[in-house]
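# Structural features, examined
Residues per chain are reported as follows:
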Amino acid sequence: MRTNEHVLIAGSGISGLGAALAFGGGSRRVTILDRDPPPPATSPDEAFYKWERRGATQLRHSHAFLGRLTSLIRDRYPDLMQELLAEGTRLFGFEDGLTPPQMSQYAPAQGDDDLKLLFSRRTTLELVLRRYAARLPGVEFINDAGVRGPIVRHENGKVIVEGLKVERNGAVEEMRADVVVDASGRATSFPDWLRAEGVTVREESSPCGILYFTRHYKLRDGQDEPPRDPGGPAGGADLGYIKFGVFIADNRHFSVTLAVPEIETELRMAVMKPEVFDAICLAMPGAARWMNPERAEPVSKVFAMGELVNLWRHYLKDGEPQVLNFFPLGDAAIRTNPLYGRGCSSGVVEAHLLRAALDATDDPLARAKKYEQDLTTNIRPYFNSMVELDLGAIKRAANERNPDYQPSLRAKLTKSFTEDGLMPAQRGNVEVGRAMSRVFHMLDEPTAFLKRPAIVARILATWVTPKATKQARGLYPPKAGPDRAEMFKLLKIAA
Ligand SMILES: Cc1cc2nc3c(=O)[nH]c(=O)nc-3n(C[C@H](O)[C@H](O)[C@H](O)COP(=O)(O)OP(=O)(O)OC[C@H]3O[C@@H](n4cnc5c(N)ncnc54)[C@H](O)[C@@H]3O)c2cc1C
């Protein structure tokens with residue numbers, strides 16, 4: 001293996017920080033550039049309220065961090081996990097989210113420790129990760145440094161990346177490196193810069209079909225979080241015309257996100273108003289118990305985010321690398337629907353795949369091929385499933401608006417299988433719940449549970465059980481909120 005390789009990373013968001021973890025503390029030198037200022041060095045609250053961070057527009061949207069990420073941190077960086085917990089973040093395990101029927105069946109099993117969500121504001125995670133990464137030997141952060149393009153040479157039909165042009169204090173300087181990583185996020189300019197050098201960058205893109213709206217709240221002094229209510233209304237649900245989720249965070253903060261289908265034009269205009277946002281949430285029992293005004297107060301405006309797509313960028317052409325010593329990471333490489341909460345886990349996992357590819361060989365061509373192959377194996381199944389689920393949700397949202405909609409037999413069967421088989425089986429059986437939780441946390445590929453005969457048998461048995469029996473056993477969740485017509489009437493919006 002080459003010694004003293006210099007890795008230059010454009011972007012210090014979650015993926016850039018993941019790369020700092022992966023490459024720091026070893027034989028490599030790591031420089032991380034970001035055009036934004038560093039986080040305030042004090043507390044999670046100061047980072048949340050004061051950090052000027054224009055480079056990551058999703059920073060103040062709800063974030064949840066999946067088991068794939070939390071178990072990676074726990075196993076590889078145990079002291080980082082301790083620092084996160086010391087700053088007020090919390091882990092929420094599989095056993096903490098059991099439904100009443102699951103509780104009576106539960107016994108701890110191998111792997112349950114991996115099914116832990118981290119409850120944290122995104123700013124808190126970044127603050128602590130950054131602080132930890134900056135202490136690793138060989139790691140240097142440079143802020144207020146805007147990448148303006150790659151330094152390249154052309155050789156044997158390939159584009160060889162040799163460093164970056166970086167703007168600091170009004171002047172552009174050249175920084176040379178052995179490896180350049182694009183972790184500059186969803187608005188990366190590298191595809192355009194490399195296309196200008198003759199590289200074909202193919203993009204697969206598919207709509208998420210939603211807009212994201214988030215508002216943050218804080219528990220009032222003397223108030224506690226609502227007690228857990230396993231049989232009660234869920235803290236998140238999909239009502240077709242809207243999805244909502246309560247995101248528990250650190251230091252007495254939480255947020256609520258509303259995801260509104262793009263075609264719900266009237267609703268998405270209205271929801272930007274804080275009073276409308278709150279009225280919608282208060283109509284959802286699972287959110288209302290958190291944001292009841294006596295318990296919590298809003299601490300932010302309503303943040304909105306659109307242009308959400310599932311997008312995969314290909315820098316190889318016909319399986320052959322065209323550009324060497326250059327590796328895209330995180331949202332710069334692959335973007336997915338935020339609803340699934342997989343972006344940060346993916347970015348950090350990809351950083352560690354990249355480290356493995358660079359450790360495996362010094363040959364730039366072999367490195368590029370291995371990294372591409374490992375991305376495909378590890379991330380592609382989730383990407384494909386999100387694309388498919390989003391296209392289904394877009395259709396459902398259109399049907400919600402159409403009073404004349406008559407579902408086909410196939411659509412009826414799919415709905416029935418999901419609502420009367422899959423979901424009640426998950427709610428009623430701890431093994432099904434565990435199997436699906438492994439998919440949710442990105443530990444098993446999305447169809448893994450359907451390849452286990454015992455799980456499929458349980459789902460089918462639940463599907464054919466009469467509805468009334470399932471109801472009596474508590475296998476259906478309580479109503480999540482008003483239907484579309486009721487909600488529009490409540491909000492005085494024309495349906
Ligand atoms: C609304 C929303 C909600 C989400 N919720 C979740 C969630 O719950 N869980 C989850 O895991 N994921 C979630 N995601 C996805 C997650 O936010 C992203 O996948 C993740 O931030 C990607 O990290 P990144 O480092 O690749 O990019 P970013 O975090 O966007 O960071 C990019 C960095 O590059 C810097 N940069 C950009 N251009 C330049 C330049 N030219 N020079 C120097 N620096 C530059 C920026 O300043 C920024 O710091 C959500 C996404 C959205 C949009």
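Along each chain, residue indices are assigned from 1 in the same order as the chain's sequence is written. Restriction of local features to residues with pLDDT of at least 70 applies here, the model being predicted, together with a cutoff of 80 or more for giving and counting side-chain atom pairs; totals for whole chains, interfaces and linings are based on all residues. Excluding hydrogens and water, the side-chain figures rest on all heavy atoms present in the structure.

Here the focus is the overall build of the protein. Comment: elements are numbered from the N terminus, with helices defined as DSSP H or I runs of at least four residues and strands as E runs of at least two. Scanning the protein for helices and strands turns up 17 helices and 23 strands. With C-alpha atoms as the basis for the radius of gyration, the globule rule is written as 2.2 Å multiplied by the number of residues raised to the power 0.38. Scaling as 2.2 N^0.38, a compact globule of 495 residues should have a C-alpha radius of gyration of about 23 Å, and the protein matches this with 23 Å. Projected onto the principal axes, the alpha-carbon positions of the protein cover approximately 70 × 50 × 50 Å. Across the 495 residues in the protein, those meeting the buried criterion constitute 53%. Accessible areas in this description were obtained via Shrake-Rupley with a 1.4 Å probe; residue shielding takes into account the shown protein chains only. For the protein, the exposed surface amounts to about 21900 Å²; the carbon and sulfur share of it is 53%. The buried label goes to any residue with under 20% of its type's maximum accessible area, the exposed label to any with over 50%, and the partly exposed label to all in between, with areas taken from a 1.4 Å probe on protein chains only.

As a structural note, the neighbourhood of the ligand is formed by 34 residues, with Asp34, Arg53, Ala64, Arg122 and Asp331 the closest of them. Residue Ser62 places a main-chain N or O atom 3.3 Å away from a nitrogen atom belonging to the ligand. A distance of 2.7 Å is found between an oxygen atom of the ligand and a backbone nitrogen or oxygen belonging to Ala64. Coverage of the ligand by the protein chains reaches 97% of its 990 Å² of free accessible surface. Elements with a minimum of two residues in the shell around the ligand: helix H1 (14-23), strand S7 (146-155) and helix H11 (343-360). Considered class by class, the residues forming the shell around the ligand number eleven nonpolar, 16 polar and seven charged. Proximity is defined per residue: any heavy atom of the residue falling within 4 Å of a molecule or strand makes that residue near it. For the purposes of these results, a polar contact is taken to be a pair of N or O atoms within 3.5 Å, where, inside protein, one atom must be able to donate a hydrogen and its partner to accept one; residues adjacent in sequence count only when each atom of the pair is a side-chain atom. Note on residue classes: Ala, Val, Leu, Ile, Met, Phe, Trp, Tyr, Cys and Pro are nonpolar, Asp, Glu, Lys and Arg are charged, and everything else, Gly too, is polar.

The strands that make up a sheet are held in pairs by hydrogen bonds between backbone atoms, and each pair lies either parallel or antiparallel. When DSSP finds at least two bridges between two strands, those strands are taken to pair. Spatial ordering of the open sheet is given by S6-S2-S1-S10-S22, a layout of five strands whose pairing is parallel. Among the strands making up the open sheet, the edge pair consists of strand S6 (139-142) and strand S22 (326-328). Across the sheet, the mean angle from the axis of one strand to that of its neighbour is 20 degrees, orientation sign disregarded. Summarising the sheet, strand S10 (residues 179-182) and S22 pair through three bridges and their orientation is parallel. Along S22, the bridge assignment pairs Val180 with Phe326. Note on geometry: axes are lines fitted to C-alpha atoms, helical ones only across the stretch in contact, with angles between N-to-C directions running from 0 to 180 degrees.

Quick look at the pairing of S7 now. Bridge count between S7 and strand S8 (residues 158-168): nine bridges; the pairing is antiparallel. Residue Gly149 lies in a different strand from S8, and its bridge partner there is Lys165. From the end of S7 to the start of S8, which pair antiparallel, there are two residues, and Asn156 there has a positive phi angle of about 50 degrees.

Our next topic: the domain arrangement of the protein. The domain architecture assigned to the protein consists of domain 1 (1-63 + 120-206 + 309-404), domain 2 (210-305) and domain 3 (409-491). Annotation comment: domain bounds sourced from an automatic or database domain assignment. Each of domain 1 and domain 3 was reduced to a C-alpha centroid, and the two centroids are 35 Å apart. Counting residues at the interface gives nine residues for domain 1 and eight residues for domain 3. The term buried area denotes the loss of accessible surface (1.4 Å probe radius) that occurs when two parts are joined, taken as the sum for both partners. At the boundary of domain 1 with domain 3, total buried surface from both sides reaches about 730 Å², with 64% on carbon and sulfur atoms. Counted as salt bridges are all cases of a side-chain nitrogen of Lys or Arg within 4 Å of a carboxyl oxygen of Asp or Glu. Joining domain 1 to domain 3, the criterion identifies zero salt bridges. Linking domain 1 with domain 3 are three residue pairs in polar contact (both at pLDDT 80 or more), by the criterion used here. Among the secondary structure elements, those contributing two or more residues to the side of domain 1 that touches domain 3 are H11 and helix H12 (364-400). Here the residues of the side of domain 1 that touches domain 3 are counted per class, giving three nonpolar, three polar and three charged. In this analysis, two residues are considered to be in contact whenever any of their non-hydrogen atoms come within 4.5 Å of each other.

With that out of the way, let us pick up the packing of aromatic side chains. In this scheme Phe, Tyr and Trp rings, the latter by its six-membered ring, pair at centre separations within 6.5 Å, and the angle between planes marks the pair as stacked below 30 degrees, edge-to-face above 60, and tilted otherwise. Counted under the stated rule, the structure contains 13 aromatic pairs. Relative to Phe383, the ring of Trp312 has its centre 5.3 Å away and its plane inclined at 75 degrees; by these criteria the two rings are edge-to-face. Taken together, the residues Trp312 in strand S18 (residues 309-314) and Phe383 in helix H12 connect sequence positions 71 residues apart. Residue class for Phe383 comes out buried when judged on its relative accessible area of 3%. Three or more aromatic residues joined by ring pairs make a cluster, and in this case those are Phe190, Trp193, Tyr315 and Phe326. Cation over ring: Arg121 sits above Phe48, and NZ or CZ is 4.9 Å from the ring centre. A positively charged side chain is recorded as over a ring if its NZ (Lys) or CZ (Arg) lies within 6 Å of the ring centre. The angle to the ring normal must also be within 35 degrees. Sitting over the ring of Phe141, Arg130 keeps its end group 4.2 Å from the ring centre.

A few words now on the pattern of salt bridges. Under the definition given, this model contains 43 salt bridges. Here Arg176 and Glu162 are joined by a salt bridge, their closest N and O atoms 3.2 Å apart. A residue pair is termed long-range when its members are at least 10 positions apart, and Arg176 in strand S9 (residues 171-176) and Glu162 in strand S8 qualify at 14 residues. Under the relative-accessibility criterion, Glu162 is labelled partly exposed at 22%. Residues participating in the shared-partner salt-bridge network are Glu5, Arg28, Arg355, Asp359, Asp362 and Arg367.

A few words now on the pairing of strand S2 (residues 29-33). Look at any regular strand and the pattern is simple: side chains alternate between the two faces of the sheet. Along S2, four of the five residues are buried, which leaves the element largely enclosed by surrounding structure. Sheet analysis places strand S1 (residues 6-10) next to S2, joined by five bridges and oriented parallel. Along S2, the bridge assignment pairs Val7 with Val30. Handedness of a crossover is defined as follows: orient the strands so they point away from the viewer, and if the path from the first strand over the helix to the second runs clockwise, the crossover is right-handed. Once you follow S1 into H1 and on to S2, the crossover reads as right-handed. In the sheet, S2 pairs with S6 via four bridges, with the strands oriented parallel. Bridged to Thr31 within S6 is Glu140.

Moving on, we come to unusual backbone geometry. Here the phi dihedral of Asp318 falls at roughly 50 degrees; this positive angle occurs in a residue that is not glycine. Phi angles above zero are rare outside glycine, and Asn325 is one such case at about 65 degrees. By secondary structure assignment, the location of Asn325 is in the loop between strand S21 (323-324) and S22.

A separate point is helix H4 (residues 78-86). Looking only at H4, the buried set comprises Leu80, Met81, Glu83 and Leu84. Down the axis of H4, the buried side of the element spans an arc of 160 degrees, and every buried residue falls inside it. Opposite the packed face of H4, turned more than 90 degrees from it, sit the exposed residues Gln82 and Ala86. Those residues of H4 hidden inside the fold are in contact with H1, helix H3 (67-76), strand S4 (90-92), strand S5 (117-119) and helix H6 (122-134). Of the residues flanking the end of H4, it is Gly88, one or two places downstream, whose phi is positive at about 100 degrees. The arc in question is the one traced by the directions running from the helix axis out to the C-beta atoms.

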